[in-house]
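Residue strings, one per chain:
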Amino acid sequence: MYRIRFHGRGGQGMKTAGRILGTSFFLEGFDVQDAPRYGAERRGAPIFAYVRASRSVIQERGVIRRPSLVVVADDTLAGLPEADVLGGQSADTVMAILSDVPEGTWRSRLNLDSPIVCIPRPDAIKGYAGQAMAGVCCAAVAARLCGSIPKSTLARAVREELGFLAPSVLERSLSEASRMFDSLAPYEAVVRDRPDREFSCDNPPGWVELFHDAAAVAAPVIFGGLTSRLLKTGMWRTFRPVIDTARCRRCWWLCSSFCPDSAIHVGDDGIPAIDYEHCKGCLVCVARCPVHAISAVPESRGVRQENGEEAV
Amino acid sequence: MKRLLLTGNGAAAWGARLAKAEYIPAFPITPQTEIIENLAAWIDSSEMPGRLVTLESEHSMMTAAGGAAAAGVRVFSATSSQGLLYAMEMLYTVAGWRVPFVLVNVSRALSAPITLEPDHNDVFAARDSGFIQIHCSTCQEVVDAVLLAYRLAEHPDIRLPVMVNLDGFYLSFTREPVTLPDQQGAAEFVGGFDPLGMAFRAGAPLSQAVAVLGGSQYSYFRYQQHLASLQALDVYDDLEREFFGRFGRSHPAVEAYRTDEAEMVFLMTGSFATKAGNAVDALRESGIRAGLVRPRLLRPFPVRRLRQVLRGVRGIAVIDQNLSVGKGGILYTELASALYGQENAPVLLSFIGGLGGRDISGEEFIGIARVTIDAIRSGSVPEPRLLYTADELRHIRKLQAIASVQQENHCRNHE
Ligand code: SF4
Ligand code: SF4
């Protein structure tokens, strides 16, 4: 069986990736399961989708615990515990990551001995409008790495899943899928169709006896205030708002009032400042500022600017 | 017949379309919404005749469903979880009206704490409502069950609403290959809706859903509902055979997987049963005679069938993805009452798991089988087990620490 997990962010087409790959396998006569995993249903939040494909009837169900392939659309997820990109990876799990950071760096960062395929991010997915194209690219990555899917089948699956889009978008999707598929020829079939099970009869279930806790412990109550500060939702951003303080008129601080995440604080000097650890990048503030003092900058560029690697 | 990839929600919508449902009262709720979206799109594009009306609540939706069925119209509706509970008053009411229609429930765990993922407490809350219940474990079963459900509901000896249950996420959002019956074959199988003279017609006044005063009259109608539901056991068997003859797929009231010579069996409902089947294969390979028994019909409860299938089995591990707080697993209790007093009755073990979408791992199925075999050999039956791992406990303790929960002196699970 092939067990594939796609990790990305809401808006990057991970569900689409799963569907294109699922349809590709199905067209090749495999039994298939594909499913997205919804959580916080919001653009930018970590999301994953998974696909099982087998020559025999699939009895497994639910989230894939022992993936044979993990495709990561957004390399910022690798360091995010709740994205659980590394969950269940073993020595023979292949990890494919769309990233401009070299493979060796990932290998040492993640301390992995298993195969890593590092794929430079295609230009098509870099801009805001191209986000959704990541899904198409990831499906092509998985199709090539699994090796059981000819390019013509992949194209047919893209047409089936994205046929409802404008013809120009469909054509671009097809050419991106094709380009990605071609570029990965050296990795053809590095992922194996193995007749294994997802569990071992030798592993104990790891049960614990659950005892009664006092109500003050066992009721779903958060006693500590401000715990939401601990969740760095800034990781959700694909675009970041940047305030040009020279342009800012210190109006009624519309930006701060309308920010749904209370991520804009106004200092004693009256100048609004954005808390990038929690700003989710919804860009409501950009739309609200009456003097257009807030602009939307792609997150990757924002990070480079923050690090002084690029001029503002 | 066409084979394609469909989610459980897509399969449910196709069931309604193939059965030519004419009226769909709707209210959206995760994870059911996609069913309504599919039907709305088809009706909008005229691919499917019929009316879809959005109501202001599930309570109204169920009332509209019952009312339309009473008017002689074929009705389909769908809900989930909190929605099903919000409609609870009307579930009992429309079943008492003896009106036939099909309601799909996409299982989702109940609040609180509120969550999105599945377990079976919602559908079991409707256990005593008078609805017939069919529980599915694959997307294929969903579309087939909807067709069977209309035949059951509209059968002159039954005439009760039928609920078809599928798990949220693991079926509702999961695509699998599904063979769709062709429209003509499905229409022939389901047939037209004959309201048996119990429908509103201008110029032929009649009163439905009348009130009674007095326990004797009340009892008569309630008993009749019960007897009608019991009729559904034999009717289902006949329909299921007819369905197999026409479409080549068999969906018996009780599914028995590798129960031949089985020493122990897993007994459970829903989509995780396929995982139990996987564990059965592994156990058989290692020489343990394991099997799987899965009741599809939950109401009426197929007692006779279960006794037949379980004859000779020495131990049963009942896995409940529900929890009757203060008692335990509902399926376990149901099964115990069905087997009590039987000669050579097997030992019964209870496991609670899969609440709120929690996975039940392959290792856990193997562990459950081992505990059951031990109980058979030793004759001593362990207490019901609440499936939970040391890792999970560590994780919840971490979350509690973040939430500033004071754990000292309150917890026995210190590690
Ligand atoms: S983009 Fe603006 S409005 Fe949205 S969260 Fe960030 S600071 Fe707040
Ligand atoms: S809305 Fe614009 S002008 Fe007003 S405080 Fe914010 S940045 Fe300044």
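All values derive from a computational prediction rather than experimental measurement. (Residues numbered from 1 in each chain as written. Chains lettered and ligands numbered in written order. Predicted model: local features only at pLDDT ≥ 70, side-chain atom pairs only at ≥ 80, totals over all residues. Heavy atoms only, no water.)

S.K.: Where do I start with helix H1 (residues 8-18) of chain B in this structure?
M.R.: Within an α-helix, residues lying three or four positions from one another point in the same direction, as the helix has 3.6 residues per turn. Residue and element names in this part refer to chain B. The buried fraction of H1 amounts to eleven of the eleven residues, a majority that puts the element mostly inside the structure. Those residues of H1 that sit buried are Gly8, Asn9, Gly10, Ala11, Ala12, Ala13, Trp14, Gly15, Ala16, Arg17 and Leu18. Phi for lysine 20, located one or two positions after H1, is positive at around 60 degrees. (Buried < 20%, exposed > 50% of the residue type's maximum accessible area, 1.4 Å probe, protein only. Helix = DSSP H or I, 4+ residues; strand = E, 2+ residues; numbered from the N terminus.)

S.K.: Can you help me understand the environment of leucine 297 of chain B in this one?
M.R.: With respect to the helices and strands, the residue leucine 297 of chain B is situated in strand S12 (residues 297-299). As for leucine 297 of chain B and glutamine 82 of chain B, which are separated by 215 residues in sequence, their C-alpha atoms are 23 Å apart.

S.K.: Explanation requested: the side chain of serine 60 of chain B in the structure shown.
M.R.: Residues and elements named next belong to chain B. Position of serine 60 among the secondary structure elements: in helix H3 (residues 58-70). Residue classification places serine 60 among the buried residues on the basis of a relative accessible area of 17%. Polar side-chain contacts of serine 60 include one of 2.9 Å to the side chain of glutamate 56. (Polar contact = N/O pair within 3.5 Å; in protein donor to acceptor, adjacent residues only side chain to side chain.)

S.K.: Explanation requested: the sheet that holds strand S9 (residues 254-257) of chain B in the structure shown.
M.R.: By way of backbone hydrogen bonds, the strands of a sheet pair with one another, either parallel or antiparallel. All names here are of chain B. Taken in spatial order, the six strands make up an open sheet running S9-S11-S10-S13-S14-S15, and their pairing is mixed. The sheet terminates laterally at S9 and strand S15 (385-386), the two strands that pair on one side only. Pairing of S9 with strand S11 (residues 290-295), which is carried by four bridges, proceeds in the antiparallel orientation. When the bridges of S11 are listed, tyrosine 257 appears paired with leucine 292. Contacts between helix H10 (residues 273-285) and the sheet are confined to S9, strand S10 (264-267) and S11, with S11 contributing the most and set at about 160 degrees to the helix. Helix H12 (residues 330-339) rests against S10, strand S13 (315-320) and strand S14 (347-352) of the sheet, and its axis sits at about 145 degrees to S13. (Pairing = 2+ DSSP bridges. Contact = heavy atoms within 4.5 Å. Axes fitted to C-alpha atoms, helices over the stretch in contact; angles between N-to-C directions.)

S.K.: Would you mind showing me how to read helix H9 (residues 299-306) of chain A here?
M.R.: Residues and elements named next belong to chain A. Taken together, the buried positions of H9 are Glu299, Gly302 and Gln305. Looking straight down H9, one finds its buried side chains confined to an arc of 120 degrees; they lie on one side. Against strand S7 (239-243) and strand S10 (294-298) lie the buried residues of H9. Among the residues trailing H9, glycine 308 stands out with phi positive, at a value near 70 degrees. (Arc of directions from axis to C-beta.)

S.K.: Looking at this structure, how should I read the site of ligand 1?
M.R.: Near ligand 1 you find Pro241, Cys259, Pro260, Asp261, Ile264, Cys279, Lys280, Gly281, Cys282, Leu283, Val284 and Cys285 of chain A, and these make up its full shell. Split into classes, the residues belonging to the shell around ligand 1 amount to nine nonpolar, one polar and two charged. (Near = heavy atom within 4 Å. Nonpolar A, V, L, I, M, F, W, Y, C, P; charged D, E, K, R; others polar.)

S.K.: Looking at this structure, I do not really get the interface of chain B and chain A. What am I missing?
M.R.: Frequently, the measure chosen for interface size is the accessible area that the parts lose on association. Facing the 54 residues of chain B at the interface are 46 residues of chain A. Summing the contributions of chain B and of chain A, the shared interface buries around 4,400 Å²; its carbon and sulfur component is 55%. Area buried by chain B at its contact with chain A is led by Arg175, Asn278 and Glu363 of chain B, which between them contribute 17% of it. Along the contact surface separating chain B from chain A lie nine salt bridges. Residue arginine 175 of chain B is joined to glutamate 161 of chain A by a salt bridge in which the shortest nitrogen-to-oxygen separation is 3.0 Å. Listed by contribution, the elements that provide at least two residues to the side of chain B that touches chain A are strand S1 (2-6), strand S8 (176-180), H10, helix H13 (362-378) and helix H14 (390-402) of chain B. The class makeup of the residues in the side of chain B that touches chain A is 23 nonpolar, 17 polar and 14 charged. (Buried area = accessible area lost by both parts, 1.4 Å probe. Salt bridge = Lys/Arg side-chain N within 4 Å of Asp/Glu carboxyl O.)

S.K.: Help me understand the site of ligand 2 in this model?
M.R.: Cys248, Arg249, Arg250, Cys251, Trp253, Leu254, Cys255, Pro272, Cys289, Pro290, Val291 and Ile294 of chain A make up every residue found near ligand 2. Split into classes, the residues belonging to the shell around ligand 2 amount to ten nonpolar, no polar and two charged.

S.K.: What exactly am I supposed to notice about the domain arrangement of chain B here?
M.R.: Residue and element names in this part refer to chain B. Partitioning chain B into structural domains gives domain 1 (2-247) and domain 2 (256-391). Taking the mean C-alpha position of each, domain 1 and domain 2 sit 28 Å from one another. Each partner contributes residues to the interface: domain 1 has 28 residues there, and domain 2 has 25 residues. Around 2,300 Å² of area is buried between domain 1 and domain 2 when both sides are counted, 54% of it from carbon and sulfur atoms. Where domain 1 packs against domain 2, one counts five salt bridges. Note that glutamate 141 is salt-bridged to arginine 294, the shortest N-O span being 2.7 Å. Linking domain 1 with domain 2 are 16 residue pairs in polar contact (both at pLDDT 80 or more), by the criterion used here. For the side of domain 1 that touches domain 2, the secondary structure elements donating two or more residues are helix H6 (121-125), strand S6 (132-135) and helix H9 (215-247). Looking at which element gives the most residues to the side of domain 1 that touches domain 2, the answer is H9, with seven residues. Its residues assigned to classes, the side of domain 1 that touches domain 2 comprises 13 nonpolar, seven polar and eight charged. (Domains from an automatic or database assignment.)

S.K.: Please explain the pattern of salt bridges as it appears in this structure.
M.R.: Pairing is possible between side chains that carry opposite charge, provided their charged atoms lie close to one another. All names here are of chain A. With the rule as written, the count across this model stands at 50 salt bridges over all chains. A salt bridge links arginine 3 to aspartate 196; the nearest nitrogen and oxygen atoms lie 3.2 Å apart. Placement of arginine 3 in strand S1 (residues 2-9) and of aspartate 196 in the loop between helix H5 (167-183) and helix H6 (215-218) is noted, with a sequence separation of 193 residues between them. For aspartate 196, a relative accessible area of 33% gives the class partly exposed. Among the charged side chains, a salt-bridge network with shared partners connects Arg3, Arg52, Glu60, Asp92, Arg194, Asp196 and Glu198.

S.K.: Even after reading the chapter, I still don't get the packing of aromatic side chains, so can you show me in this structure?
M.R.: To describe a pair of aromatic rings, one takes the distance between the centres and the angle between the planes. As enumerated under the stated definition, the model contains 13 aromatic pairs over all chains in all. Here the aromatic rings of tyrosine 2 of chain A and phenylalanine 30 of chain A are separated by 6.1 Å at their centres, their planes lie at 50 degrees, and the arrangement is tilted. Of this pair, tyrosine 2 of chain A sits in strand S1 while phenylalanine 30 of chain A sits in the loop between helix H1 (14-27) and strand S2 (31-37), placing them 28 residues apart in sequence. Comparing tyrosine 2 of chain A with phenylalanine 30 of chain A shows no difference in burial state: the two are buried. With a centroid separation of 5.8 Å and an interplanar angle of 85 degrees, the aromatic rings of phenylalanine 101 of chain B and phenylalanine 131 of chain B are classed as edge-to-face. Of this pair, phenylalanine 101 of chain B sits in the loop between helix H5 (88-97) and strand S5 (102-107) while phenylalanine 131 of chain B is found in the loop between H6 and S6, placing the two residues 30 residues apart along the sequence. Pairwise contacts between aromatic rings join Tyr2, Phe25 and Phe30 of chain A into one cluster. Note that arginine 109 of chain A overlies the ring of tryptophan 106 of chain A, its terminal NZ or CZ placed 4.8 Å from the centroid. Over the face of the ring belonging to tyrosine 276 of chain A we find arginine 240 of chain A, whose NZ or CZ atom lies 4.5 Å from the ring centre. (Phe/Tyr/Trp six-rings, centres within 6.5 Å; stacked < 30°, edge-to-face > 60°. Lys NZ or Arg CZ within 6 Å of the ring centre and 35° of its normal.)

S.K.: Any chance you could explain the sheet that holds S5 of chain B here in plain terms?
M.R.: Residues and elements named next belong to chain B. Pairing in this open sheet of five strands is mixed, and the strands run S4-S5-S7-S6-S12 from one edge to the other. At either margin of the open sheet sits one strand with a lone partner, and together these are strand S4 (76-79) and S12. Each neighbouring strand pair of the sheet contributes to a mean axis angle of 25 degrees, computed without reference to strand direction. As paired elements, S6 and strand S7 (residues 162-167) share four bridges and run parallel to each other. Each residue of the ladder has a partner; that of isoleucine 132, found in S7, is valine 162. Contacts from H3 reach S4 and S5 within the one sheet, and its direction differs from that of S4 by about 160 degrees. Sheet contacts for helix H7 (residues 139-154): S4, S5, S6 and S7; angle to S7, the most-contacted strand, approximately 170 degrees.

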